[in-house]
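Read off the chains here:
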Amino acid sequence: MEINAKEKTALASSVAADEGQSIHKNTMEIIPEKMEENNLSREEMYAMLRKMNGMGDPDRLYTISLGELFENTYEGQAPIIDGLLSAGIFILAGAPKTGKSFLVAQIAYHVSTGQNLWNYTVRQGTVLYLALEDDYRRLQSRMYRMFGVESNEQLHFAIYAKQLGSGLDEQLQQFVKEHPNTKLIIIDTLQKIRETQGEKYSYANDYELIGRLKRFAEKYGVCILVVHHTRKQQAEDKFDRISGTNGLLGAADGALILEKEKRTSGSAVLDLSSRDAQDQRLYLMRDEERLVWNLERTETELWKEPPDPILEAIVQLLKNQGEWQGSATELIDALGVEVQPNALTKKLNVQAAKLRNDFSIQYENSHSRSGSRITLRCIPCEV
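First, a word on what this report is: a plain description of the structure on this page. As the structure is a computational prediction, the values presented were derived from the model and not from experiment.

### Concerning the overall build of the chain
Logical step 1: What the chain contains, in helices and strands, is 14 helices and 12 strands.
Logical step 2: For the chain, the residues scored as buried account for 44% of the 383 residues in total.
Logical step 3: Of the roughly 20600 Å² of accessible surface on the chain, a fraction of 48% belongs to carbon and sulfur atoms.

### Looking at the pattern of salt bridges
Logical step 1: Under the counting rule described, the total for this entry stands at 15 salt bridges.
Logical step 2: Between Arg-275 and Asp-253 there is a salt bridge, with its nearest N and O atoms 3.5 Å apart. Placement of the pair is Arg-275 in the loop between β7 (267-274) and β8 (280-286) and Asp-253 in the loop between α10 (247-251) and β6 (254-259), with a sequence separation of 22 residues.
Logical step 3: For Arg-281, the salt bridge identified is with Asp-271, shortest N-O distance 2.7 Å. In this pair, Arg-281 is assigned in strand β8 and Asp-271 in strand β7, connecting sequence segments 10 residues apart.
Logical step 4: Overall, the relative accessible area of 28% leaves Arg-281 in the partly exposed class.
Logical step 5: Take Asp-271: its relative accessible area is 5%, and that puts it in the buried class.
Logical step 6: Where salt bridges share partners, they join Lys-214, Glu-218, Asp-253 and Arg-275 into one cluster.

### Here we look at empty space enclosed by the protein
Logical step 1: Taken as a whole and assessed by the stated rule, the structure comprises 2 cavities of 30 Å³ or more.
Logical step 2: Within this model, the largest cavity holds a volume of roughly 60 Å³.
Logical step 3: Lining of the largest cavity is provided by Thr-73, Tyr-74, Glu-75, Gly-76, Ala-352, Ala-353, Arg-356, Gln-362 and Tyr-363.
Logical step 4: When contributions to the lining of the largest cavity are tallied by element, the ones reaching two or more residues are α14 (352-359) and β11 (361-368).
Logical step 5: The element best represented in the lining of the largest cavity is α14, accounting for 3 residues.
Logical step 6: Looking at the lining of the largest cavity, its residues break down into 4 nonpolar, 3 polar and 2 charged.
Logical step 7: Its volume calculated, the second largest cavity comes out at about 40 Å³.
Logical step 8: Around the second largest cavity, the lining residues are Leu-84, Leu-85, Leu-103, Ile-107, Leu-117, Trp-118, Leu-256 and Leu-270.
Logical step 9: Classifying every residue of the lining of the second largest cavity gives 8 nonpolar, no polar and no charged.

The rules we used
- Residues numbered from 1 in each chain as written.
- Predicted model: local features only at pLDDT ≥ 70, side-chain atom pairs only at ≥ 80, totals over all residues.
- Heavy atoms only, no water.
- Helix = DSSP H or I, 4+ residues; strand = E, 2+ residues; numbered from the N terminus.
- Buried < 20%, exposed > 50% of the residue type's maximum accessible area, 1.4 Å probe, protein only.
- Areas by Shrake-Rupley, 256 points an atom, 1.4 Å probe, with all protein chains shown as cover.
- Salt bridge = Lys/Arg side-chain N within 4 Å of Asp/Glu carboxyl O.
- 1 Å grid on protein atoms, 1.4 Å probe; cavity = no way out; pocket = protein on both sides within 12 Å on 5 of 7 lines; lining within 4 Å.
- Points joined across faces, edges and corners; volume = space filled by probe spheres on them.
- Nonpolar A, V, L, I, M, F, W, Y, C, P; charged D, E, K, R; others polar.

Here is the structure:
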């Protein structure tokens, strides 16, 4: 019989004492469920862990061992645009009038329609575009020239918003609640949402500014793309040219730099640096009729993960049946692979997000007094 969340919480200390299991392990089993239900931030999650484990001392450091790390499954999200944008906070910087607003409008349209951007796979979702340096007339003219008049109810515009810390947080939260499929929020530009009081350009303030947006992005699983400017001064690393202190880039999940060799040139280079994606350089050419950016070539091909025999075997297993349940040992027999049950479970814990995002297979590993039970479910078959 399965143990519900309340039972797990109550039994945590006794299980650790009687069966030699970790309190962390039992507690972490219910964290993803709690986070999904309440959209908890990382800080709120740690506060919950301390409370559930009886850690009343705020100075106590919560830790997890490597073994416990592999025993847990962490929900992952598919990129918004493969190889370019994922959930988190990204900065798009460039000199004035280089075409940044046209590029983010292009990104916004492709995400809202689900059409691939160049040769990059796009996952469709609602988009909020804060065009804070434009008016509706200019937006209308720009979008018509770029994409025509086809209706698109997934792309939303605003030309006015409050500043961060003075109401913008609540505005974005309300939008995401009203549009739960939101995947991308574009802020054009960063300067428009900065608080005007106090010291604006210290490292600490820049880090907190981006950090605040990052916490929002993590909480709601969205990508926030912030348009910003570069400095005129040259730097050995072009990402050091992002206006402001290194606190902006230090807190961000990634940055893109759009640069023209000459202001009148129709060509540009887009450089990407990211925590979770391969660094890239894209060579773009502007279509002067439609004002969209076309991809001419990339400097490096994206690295592709080689096929995994175990994941491929799981895909084949679920082709003829929408769901499979059993122990790790039974799954090994069903797949016909050679691997230790404990190693298989840990591998699937790590690859849970890949199974879901790439193969539409939901993986669950539940624990009860009788042992662990693996469930593999074809997501389109869920009812």
